[in-house]
Every structure is written in structure tokens, then in C-alpha cells.
Amino acid sequence: MKHLLSLTDLNKTDIGHILEVATQMRRIVLANYKKGPQLIGSVVAGVWDKPCVSSTAFTLASSYLSGMACPVYGCDDVLEQCQLFDGMGVNTIVISYENDNLAKNFANRSRAGVINGGSGQYDPIGVLADIMALNSKMDGLQNLSVLAVGNRDVNKMNELNHCLQLYGSNMIWYLPPDDFVTLRKGIVIDKAEAAFSGVDAVIDLGLSAFSDPTKYYGTAGGIPESLIDKASVNCPLLGCRTVVDRIGIKEYPRNIVGVRDCCYVSVAMAVLYLMNRN
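Cut-offs and rules
- Residues numbered from 1 in each chain as written.
- Predicted model: local features only at pLDDT ≥ 70, side-chain atom pairs only at ≥ 80, totals over all residues.
- Heavy atoms only, no water.
- Axes fitted to C-alpha atoms, helices over the stretch in contact; angles between N-to-C directions.
- Helix = DSSP H or I, 4+ residues; strand = E, 2+ residues; numbered from the N terminus.
- Parallel < 35°, antiparallel > 145°, perpendicular 65-115°, else oblique.
- Left-handed = near helix turned anticlockwise from the far one by under 90°.
- Contact = heavy atoms within 4.5 Å.
- Expected span 1.5 Å × (residues − 1).
- Buried < 20%, exposed > 50% of the residue type's maximum accessible area, 1.4 Å probe, protein only.
- Pairing = 2+ DSSP bridges.
- Phe/Tyr/Trp six-rings, centres within 6.5 Å; stacked < 30°, edge-to-face > 60°.
- Lys NZ or Arg CZ within 6 Å of the ring centre and 35° of its normal.
- Salt bridge = Lys/Arg side-chain N within 4 Å of Asp/Glu carboxyl O.
- Right-handed = clockwise from strand over helix to strand, strands pointing away.

(A) Main features of the packing of helix α5 (residues 124-137) against helix α10 (residues 257-277). Contact pair α5 / α10: the axes reach a minimum separation of 8 Å and the direction vectors enclose 120°. Considering their axes alone, α5 and α10 lie oblique with respect to each other. In the crossing of α5 with α10, the sense of the turn from one axis to the other is right-handed. Mapping the contact onto sequence places Ile125, Gly126, Leu128, Ala129, Asp130, Met132, Ala133, Ser136 and Lys137 in α5 and Val259, Arg260, Cys263, Tyr264, Ser266, Val267, Ala268 and Val271 in α10.

Structural data, given as C-alpha cells:
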């Protein structure tokens, strides 16, 4: 694997292989001694607007595998910075930038391996972390019904749809009927009770600015306990730790936010290893 720009470019075997390696890498993440030899002598550079889950995960992933990390935040010209990294000999460059074409076009001519760290339409590492977290809590990924709520991290939807369909599962998205802005992807339901009914897992995408939380049931307002109770028994919740009952906000006992964070750095480690192995 030379680059990782979008999961839609990968088949079930490719995705399964990354998840298998990530499962092995997770042992390092959870161990007291966090040092593997896989990236000795390798440098992982990256460009992000500001510190975030992605930048933290790749910095830790490099360190856990004995590589060196060089994160850069808020540069004026992302392409120029990436070209600088490439010219100075780094092994892998992580690009987090809204424009989907920048990482793709740069990868076509770069010496270094390129990873999309999150763009306008894609978030391959984040989606793999979601899939890995679900797989760890479910009996495999086959024949699942997964519900997304919220309208912020919509760049996950294409890849989530793609990955789940490879395993014979469905991605459902609840959006209120008066949302005329969010681009619909996959199976969209505009009635909350019907959307939550019988689903196996829920992913909270969060809310974009100025969205009404009482309409979207995203992070800012919290998912009503009465709705998530309509899902399957022991339904895991990603993207949010809490639900709302009659009294107020409380932690949802089956949230897997912490598991997903662990999976995120495990996936980053797996991708870096597979790219630098070749």
C-alpha cells in the first residue's frame, strides 16, 4: 500500500487486512511498555489546522513504533509544506485539508507515502476506527444496521456506507425533514422513532454550527434515552458518551468512545506499518 486516500478505493480484503494488523497493534497501545520496532528510522510528518484526534493519534503511533513524528499546524500553504516535507526526505505525510483533490494530486507525484488525515469528503482513518470499535463490541460486522445522527462529520458517510456494504450491513442516517442543506447519502430517514427502531449501533456525527440540537439529537443536545431504548439491546454508541433522560444528561453505559480512541491510534499504527513495509 503506497497511499491511503479513501476507503472507497479498497475492497473487503484490503480493509480486513488493515483491521487485522490494527488488532495486533492495539496490544502495544494497551501494554505498559509501548515500543515496537516497526518504524525505526522512519519519519512521519503531517499538516493539520490545529491539534486534534488525528494529529494526536499519528504522533503517538509514530512514537509507539519507534519512528519520529513531525506535525505542523496552521501553515499558510499546505501544498508547499507537503512539498517541503517530501523534498526533505520524510517517509510518510499525513494531510488534513478540506480540499479532497490536494492529497490526491500531491500523492500522484510524491516520493513519500500520503495518508488522507481528513478532508471534505473522506476520513479513512476515522472511519476505520469506527468500524474497528464496532467490530470489537459486536459479533462481527455482518448484517448490521448502523444509524448515524447529526450533520457535522458528514465526510464519514461515503466510506461508512462503502465499508458496511462490503460486510452486508446497512448505514442509515437520521436527518430532520426541514434540513434542506445537508447532502443526503445512503438511506435517510426523517422520523426519529423509525430511524432508531431496531438498529444495532448508533454513531453521533455531532452538530454543525447553529444547528438546533432538539431536531438533530446530536452531541450538543444529547440523544434522548427514550429514543436509544428503541434500538437493539446493548446498542453501542459512538461519538458521544451521554444521553438525556427526564432528569438531565447522564453517561450512557454502552458508549464506546474510549474504545474508538484506542482503535484510532491502533489503525494509524497499522496503516503506517503497512505503508512503510513496502
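(B) Structural context of unusual backbone geometry. Within the chain, Asn143 stands out as a residue other than glycine whose phi angle is a positive 55°. Structurally, Asn143 is set in the loop between α5 and β5 (145-149). With a phi close to 60°, Asn234 is a non-glycine residue in the positive phi region. Within the secondary structure, Asn234 is located in the loop between α9 (225-228) and β10 (237-238).

(C) View of helix α2 (residues 53-64). Taking 1.5 Å as the rise per residue, α2 with twelve residues should run 16 Å; its terminal C-alpha atoms sit 16 Å apart, in good agreement. All of the buried residues in α2 are Ser54, Ser55, Ala57, Phe58, Ala61, Ser62 and Tyr64. The positive-phi residue at the C-terminal boundary of α2 is Ser66, with phi of around 70°.

(D) Expanded view of the sheet that holds β10. Taken in spatial order, the five strands of this open sheet run β7-β6-β5-β8-β10, and their pairing is parallel. Every other strand in the sheet has two partners, leaving β7 (187-189) and β10 as the edge strands with one partner each. Sheet topology places strand β8 (residues 201-204) next to β10; two bridges connect them, and they run parallel. When the sheet's bridge partners are listed, Val202 is paired in β10 with Leu237. Across the sheet, helix α6 (residues 157-166) is in contact with β5, β6 (170-174) and β8; its angle to β6 comes to roughly 145°.

(E) Representation of the sheet that holds strand β9 (residues 223-224). Sheet architecture is open: three strands sit in the order β9-β11-β12, paired in mixed fashion. Whereas interior strands pair on both sides, the edge strands pair on one side only; in this sheet they are β9 and β12 (249-251). Sheet topology places β9 next to strand β11 (residues 242-244); two bridges connect them, and they run parallel. Within β11, the residue paired with Ile223 across the bridge is Val243.

(F) Representation of the packing of aromatic side chains within the structure. For the structure shown, the criterion picks out one aromatic pair. On the numbers, 6.4 Å between centres and 40° between planes, the contact of Trp48 with Tyr73 is tilted. Taken together, the residues span a long stretch of sequence, with Trp48 in strand β1 (residues 43-48) and Tyr73 in strand β2 (residues 68-73) at a distance of 25 residues. Judged by relative accessible area, Trp48 falls into the buried class, the value being 3%. Tyr73 sits in the partly exposed class, given a relative accessible area of 35%. When the ring centre of Tyr64 is taken as reference, the NZ or CZ atom of Lys34 above it lies at 5.8 Å.

(G) Summary view of the pattern of salt bridges. A complete count under the given rule lists seven salt bridges for this structure. As a salt-bridge pair, Arg260 and Asp130 come within 2.9 Å of each other at their nearest N and O atoms. Linking Arg260 in helix α10 with Asp130 in helix α5, this pair joins segments that are 130 residues apart in sequence. Accessibility assignment for this pair places Arg260 and Asp130 in one class, buried. One network of salt bridges, in which partners are shared, links Asp130, Lys156 and Arg260.

(H) The arrangement of the pairing of β5 in detail. Within β5, five of the five residues are buried, leaving the element largely enclosed by the surrounding structure. Burial of β5 is two-sided: the residues Ser145, Leu147 and Val149 facing one way and the residues Val146 and Ala148 facing the other way are all buried. Of the strand pairs in this sheet, β5 and β6 are connected by five bridges, and their pairing is parallel. Each residue of the ladder has a partner; that of Ala148, found in β6, is Trp173. In this region the chain leaves β5, passes through α6 and returns to the parallel neighbour β6; the handedness of that crossover is right-handed.

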